[in-house]
Structure formats: C-alpha cells, structure tokens
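Residue-level listing of the chains:
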Amino acid sequence: MIATLHSPVPGLIKIVDHALTRVGRKGALAVIDVQGDPNPDVFDPGQESSSQAEGPAEFDGWFDNVDNYDGVADRTDEDEITVQVGSQANGGGFGFSPAAVAVSPGTTVTWEWTGEGGSHDVQADDGSFASEMVGDAGHTFKRAFDDTGTTKYYCMPHKTMGMKGAIVVK
Ligand SMILES: [Cu+2]
C-alpha cells in the first residue's frame, strides 16, 4: 500500500495497527519524525484570537457568544439613535441591532421592540437601568447617556443565548 501524508507541523507521528494486540505483542509500530520549523498558527488558537479584531478589550468577552456582533457602529454624529430589540440573531428573534454602538455624550437611545422572539427586556449589566419585560412590536424604552464610558446590557431571558449589547459613549 502507498499513501501520502501532509503534515503542517513538525513532530512524531506514530502509526499503529488498529488491532492493538499486534502493536503490543508483535511490535507492529512505525514512527514518522516530521522535521521543520514549528507552526504555532495551526494549534495555538490563543495566539490567533489575540491578533484578530474580537472587539475592544473593554468588552472583556461580552460579545463572544453574540453572533450578530459586528464591531462598534459609529453613530456619534446623531442626537438620537434606535436599537432594535428582537432582531434576527442568535437563532431567532434574539438580537439587539446594532449590538454595539458608539454615541456622543447626551445622546438618547431608544430601544424599539420588533415583536419577534417573545418577551424581552433591556437590563444594564451594572444595574443602572432596566426596562419592562414585554413582547409587543413597537414598544419602546428610552434612556439618555450623558457620561462617557461603556454600558453593557442584555435581555434577561435570552442572555445566555447571546442577546447582549453595549452602548459606548465617547
Ligand atoms: Cu430577549
């Protein structure tokens, strides 16, 4: 039998018979010693993610399970912005859209319910605000953001599914 093997990293590759008795009792074992420079990109995901744009460090992993996080939307030139509650994301109507948005101090943020995904609320991670829990399309919750800084928020029933957002005031 002839086979070819491409190894992207150096190291020892052991080849054994699937019947391990033949390996242990009769020595049916081969070792391929692949030589060359190490290639950490292949097996070190930590190194890869640190060079990727996962989002600003201030989010601290907040958006790791948020499938509609797409960077921070820059809306700093608007006095009033709207964030959808129950946008299609995270496996259903379970997203805030945009998930992360940058605004200027004094901006009023209006969360507007789409009516999708059941009942949602908007709760600040630091406890500074919390909306009512409703599912009605067109329902709104408003808040003015005067101080610079990042406020992370989530929908309580769907937080573990990735229904999370952030307002960055700068
Ligand atoms: Cu929700």
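Treat the numbers as computed from the prediction; the structure is a model and nothing was measured.

A tally of regular secondary structure across the protein chain gives 3 helices and 11 strands. N-terminal to C-terminal, the α/β element order of the protein chain is β-α-β-α-α-β-β-β-β-β-β-β-β-β. The C-alpha atoms of the protein chain give a radius of gyration of 25 Å, which is well past the 15 Å a tight globule of 170 residues would have. By its C-alpha atoms, the protein chain is 75 × 35 × 25 Å across when sized along the principal axes. By the burial criterion, 31% of the 170 residues in the protein chain qualify as buried. In the protein chain, the share of contacts with a sequence separation of at least 24, taken over all contacts with a separation of at least 6, comes to 60%. Summing over all exposed atoms, the protein chain offers an accessible surface of approximately 10200 Å²; the carbon and sulfur share of this is 49%.

Taking the numbering used here, the UniProt-annotated feature "binding site: Cu cation" (unreviewed entry) corresponds to His 120, Cys 155, His 158 and Met 163. Spatial clustering of the annotated residues is evident: they stretch over 44 residues in sequence, but the largest pairwise C-alpha distance comes to 9.3 Å. Take Cys 155: it is sitting in the loop between β10 (149–154) and β11 (164–169). You can see His 158 is positioned in the loop between β10 and β11. If sequence neighbours within four positions are ignored, His 158 has contacts with Phe 94, Gly 117, Ser 119, His 120 and Met 163.

Attention now goes to the coordination of the copper ion. Binding of the copper ion to the protein goes through His 120 (ND1), Cys 155 (SG), His 158 (ND1) and Met 163 (SD), at separations of 1.9 to 2.7 Å. In the primary structure, the donors to the copper ion are separated according to the pattern H-x34-C-x2-H-x4-M. Just as His 158 is buried, Met 163 falls in that class too.

Time to look at the pairing of strand β6 (residues 100–103). Because side chains alternate across β6, one face comprises the buried residues Ala 100 and Ala 102, and the other comprises Val 101 and Val 103, equally buried. Bridge count for strand β3 (residues 73–74) against β6 is 2 bridges, and the pairing is parallel. Residue pairing for β6: Ala 73 is matched across the bridge by Val 101. Inspection of the sheet shows β6 paired to β11 by 4 bridges, in the parallel sense.

Those places that UniProt annotates as "domain: Blue (type 1) copper" (unreviewed entry) correspond, in this numbering, to residues 86–170. Secondary structure content for residues 86–170 is 0% helix and 48% strand, and the end C-alpha separation is 26 Å.

Attention now moves to the confidence of the model for the protein chain. For the protein chain, the mean per-residue pLDDT works out to 89, and 91% of the residues sit at or above 70. Long-range and interchain partners of residues 47–54, a stretch whose pLDDT sits below 50, account for 6 contacts in this model, where long-range means more than four residues apart.

As a further point, take the packing of aromatic side chains. In the structure shown here, the tally under the stated rule is 11 aromatic pairs. Measuring from centroid to centroid gives 5.2 Å for Trp 111 and Tyr 153, while their planes differ by 80°, and the two rings are edge-to-face. Within this pair, whereas Trp 111 is found in strand β7 (residues 107–113), its partner Tyr 153 is found in strand β10, the two being separated by 42 residues in sequence. Taken as a pair, Trp 111 and Tyr 153 share a single burial class, namely buried. When the ring of Phe 129 is compared with that of Phe 141, the centres are 6.0 Å apart and the planes differ by 35°; the resulting orientation is tilted. Of this pair, Phe 129 sits in the loop between β8 (123–124) and β9 (140–145) while Phe 141 sits in strand β9, and the two are 12 residues apart along the sequence. Summarising the burial analysis for this pair, Phe 129 and Phe 141 share the class buried.

What counts, and at which threshold
- Residue positions are counted from 1 within each chain, in the order its sequence is given.
- At least 70 in pLDDT is required for a residue's local features to be given in this predicted model, at least 80 for side-chain atom pairs to be given and counted, and no such filter applies to totals for whole chains, interfaces and linings, which use all residues.
- Calculation of side-chain values draws on the structure's entire complement of heavy atoms; hydrogens and water are dropped beforehand.
- The helix count covers DSSP runs of H or I at least four residues long, the strand count covers runs of E at least two residues long, and both are numbered beginning at the N terminus.
- Only C-alpha atoms enter the radius of gyration, while the globule expectation follows 2.2 Å times N to the 0.38, with N the number of residues.
- Type-normalised accessible area, obtained with a 1.4 Å probe on protein chains alone, sets the label of each residue: buried when under 20%, exposed when over 50%, and partly exposed for intermediate values.
- Whether two residues are in contact is decided by their heavy atoms, any of which lying within 4.5 Å being enough.
- Surface accessibility in these figures is a Shrake-Rupley result with a 1.4 Å probe; residues are shielded only by whichever protein chains are displayed.
- UniProt positions are given in the numbering used here, feature names are shortened, and annotations may be inferred rather than shown by experiment.
- Coordinating donors are taken as N, O and S atoms within 2.8 Å of the metal, stretched to 3.2 Å for Na, K and Ca; because water is absent from the atoms, sites can appear incomplete.
- Each pair of strands is called paired provided DSSP finds at least two bridges between the two strands.
- pLDDT: the predictor's confidence for each residue, scored from 0 to 100.
- Only the six-membered ring of Trp is used, alongside the rings of Phe and Tyr, when aromatic pairs are assigned; centres must lie within 6.5 Å, and planes under 30 degrees apart are stacked while those over 60 apart are edge-to-face, with the rest tilted.

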